[in-house]
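# Structural characterization, general
Residue-level listing of the chains:
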Amino acid sequence: MTPPHPDPESLSPAAASLSAALHATDTTTLARSTYLHAFHTALPGAAAHPHHRLTLAALLDELTRTGLITAPANRQKWDPGSPPLPDWIRIPANSPTKTTPGPRPMTSWRPELTWAYDARLTAQQTEDLQAVNRWLRDTSGSSDARMPLPLRERSHEIFGDEKRLDALVSTALFAPSRLTLDQLATYRQAPPIAHQQISDQSTALVIENSDTYATLLTLLTPNPGPIGHVLFGCGRAFEASITQLTHLPGLRRILYYGDLDADGLDIPARTSATALDHNLPAIQPATGLYRLLLTRPRSPSQPISQVQAARLANWLPDDLQAAARTVLTQGHRIAQESANRRVLRTDAHQDRWFP
């Protein structure tokens, strides 16, 4: 089956950075040493963290599911680590971000783009880069023209298409030592994140869903324990809004509490890469709340493989992983709303929730 072309907006920022580095390589089959090097180059903060293996596995899985890479179907082609990593990954021949270079016109590249003289570019990449080249030329020396604009505003200015840069940031044009958003005087406008400060403590608690956010905010405000900020993660929006936490002074720990299902466990694992890339702490589970959640009723869901369940559960502490794997592989999920306000109020012991 032909893998789907990815929706650029569906990629987490960290996955887009890793994708760009992978697609800039000179081969379509990348050995483990090659894709590890790309990971270290694209996301040095995440790669240096003790849990780098978990983060990389989550990002590779995201790129696989969006069709940007493939991995071996034979599990003997994966190493025995926890979580396992593939011996190789492959960039599909029909990938929109990795195609055979063709003839291209000679271009006098701006100083910022001298790397393009030696780069293997497709005709479409050359066309896109020429548009950037013209913008750099026409705005040179003008502080007003180079005033920073949000990504889609700058994209429309350069390409006449507000979504073009969204599509390009995961391609080889934005690989390390090539194009950067800073060069284009643009930035990803992180979505706002609702939060309340409830004490001067240095721990932030991020909650996936809105009703549970309201419940825990109400319960924790009179007795916050170690929690200084309570934030509404808004599902996958947290992958982009995490950068808003850089504005919270003295933040030393970020805890996450979401649904016990594939998305709920995948979101914090992937978001950790973006957090570390912005000098924020890695995302950790709110252990006691997940322990309580595992005692609540289960709902039906799509079962997932043992390998996938093991990777997702690996984000949780060791003593909760087996139970979480069972939930996922047996075709169940546990919504965080099942531990409702009445349950949480009865069990309200912050020393157990946030050890």
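Since the model is a prediction, treat every value here as computed from it, not as a measurement.

Within this structure, the stated rule accounts for 6 aromatic pairs. Between phenylalanine 238 and tyrosine 256 the ring centres are 5.6 Å apart and the planes differ by 25 degrees, which places this aromatic pair in the stacked class. Separated by 18 residues along the polypeptide, phenylalanine 238 in helix α9 (residues 238–241) and tyrosine 256 in strand β8 (residues 253–257) bring together distant segments of the chain. Here phenylalanine 238 and tyrosine 256 have matching classes, each one buried. Ring geometry for tyrosine 290 versus tryptophan 315: centroids 5.7 Å apart, planes at 90 degrees, classification edge-to-face. Taken together, the positions of tyrosine 290 in helix α11 (residues 287–293) and tryptophan 315 in the loop between α12 (306–313) and α13 (318–329) put the pair 25 residues apart, joining distant regions of the chain.

It is worth spelling out the pattern of salt bridges at this point. Taken as a whole, this structure holds 20 salt bridges when the rule is applied. Between aspartate 266 and arginine 65 there is a salt bridge whose closest N-O contact spans 2.9 Å. Taken together, the residues aspartate 266 in helix α10 (residues 262–277) and arginine 65 in helix α4 (residues 52–65) connect sequence positions 201 residues apart. Among the salt bridges present, the one from aspartate 259 reaches arginine 333, with a minimum N-O distance of 3.2 Å. In this pair, aspartate 259 is assigned in the loop between β8 and α10 and arginine 333 in strand β11 (residues 332–333), connecting sequence segments 74 residues apart. Under the relative-accessibility criterion, aspartate 259 is labelled buried at 6%. Three or more residues joined by partner-sharing salt bridges are found here, namely Asp61, Glu62, Arg65, Arg236, Glu239, Asp266, Arg270 and Arg311.

Looking now at helix α2 (residues 32–42). If you check which residues of α2 are buried, you get Tyr35, Ala38, Phe39 and Ala42. Angularly, the buried residues of α2 cover 100 degrees about the axis, an arc narrow enough to put them on a single face. Residues of α2 that are exposed and angled more than 90 degrees away from the buried face: Ser33 and His37. Its buried side turned inward, α2 meets α1 (13–23), β1 (29–31), α3 (44–47), α4 and β2 (88–90).

In this structure, the largest pocket occupies an estimated 1100 Å³ of space. Ranked by the residues each element gives to the lining of the largest pocket, the list is headed by α1, at 4 residues.

Looking now at the confidence of the model for the protein chain. In this model, the protein chain carries an average pLDDT of 89, and 93% of its residues clear a pLDDT of 70 or more. Predicted confidence for residues 1–6 stays below pLDDT 50, and this span has 12 contacts to residues more than four positions away or in other chains.

Right, let's get into the environment of proline 281. Residue placement: proline 281 occurs in the loop between α10 and β9 (283–285). Between the C-alpha atom of proline 281 and that of histidine 49, which follows or precedes it by 232 residues, the distance is 9.9 Å. Setting aside residues up to four positions removed in sequence, proline 281 forms contacts with Leu251, Arg252, Arg253, Ile254, Ala275 and Leu276.

Spatial strand order, β5-β7-β6-β8-β9: 5 strands in an open sheet with mixed pairing. The outermost strands of the open sheet, each flanked by one partner alone, are β5 (195–197) and β9. Strand-to-strand twist of the sheet, defined as the mean angle between neighbouring strand axes without regard to direction, takes the value 25 degrees. Where strand β6 (residues 203–207) lies against β8, 5 bridges are found, and the strand directions are parallel. From the neighbouring strand, alanine 204 faces β8, where its bridge partner is isoleucine 254. Along the sheet face, helix α8 (residues 210–220) touches β5, β6, β7 (227–232) and β8 and points at about 160 degrees away from the line of β7.

Let us look at the environment of leucine 312. Locating leucine 312 in the fold gives a position in helix α12. C-alpha of leucine 312 to C-alpha of leucine 265: the two residues are 47 residues apart in sequence and 5.8 Å apart in space. If near-sequence neighbours (up to four positions away) are discounted, leucine 312 is found in contact with Ala262, Leu265, Asp266, Ile304 and Leu328.

This brings us to the environment of threonine 346. On the secondary structure map, threonine 346 appears in helix α14 (residues 341–346). Sequence spacing of threonine 346 and threonine 215 is 131 residues, and the spatial spacing of their C-alpha atoms is 13 Å.

On to the pairing of β7, then. Where burial is concerned, most of β7 is hidden: 5 out of the 6 residues are buried. Strand direction decides the pairing type here: β5 and β7, joined by 3 bridges, are antiparallel. Paired with histidine 195 across the two strands is leucine 231, which belongs to β7. In terms of strand pairing, β6 meets β7 through 5 bridges, oriented parallel. Residue pairing across strands places isoleucine 207 opposite phenylalanine 232, the latter belonging to β7. Where the polypeptide runs from β6 across α8 and back to β7, its parallel neighbour, the crossover connection is right-handed.

Rules of the game
Residues numbered from 1 in each chain as written. Predicted model: local features only at pLDDT ≥ 70, side-chain atom pairs only at ≥ 80, totals over all residues. Heavy atoms only, no water. Phe/Tyr/Trp six-rings, centres within 6.5 Å; stacked < 30°, edge-to-face > 60°. Helix = DSSP H or I, 4+ residues; strand = E, 2+ residues; numbered from the N terminus. Buried < 20%, exposed > 50% of the residue type's maximum accessible area, 1.4 Å probe, protein only. Salt bridge = Lys/Arg side-chain N within 4 Å of Asp/Glu carboxyl O. Arc of directions from axis to C-beta. Contact = heavy atoms within 4.5 Å. 1 Å grid on protein atoms, 1.4 Å probe; cavity = no way out; pocket = protein on both sides within 12 Å on 5 of 7 lines; lining within 4 Å. Points joined across faces, edges and corners; volume = space filled by probe spheres on them. pLDDT = per-residue confidence, 0-100. Pairing = 2+ DSSP bridges. Axes fitted to C-alpha atoms, helices over the stretch in contact; angles between N-to-C directions. Right-handed = clockwise from strand over helix to strand, strands pointing away.

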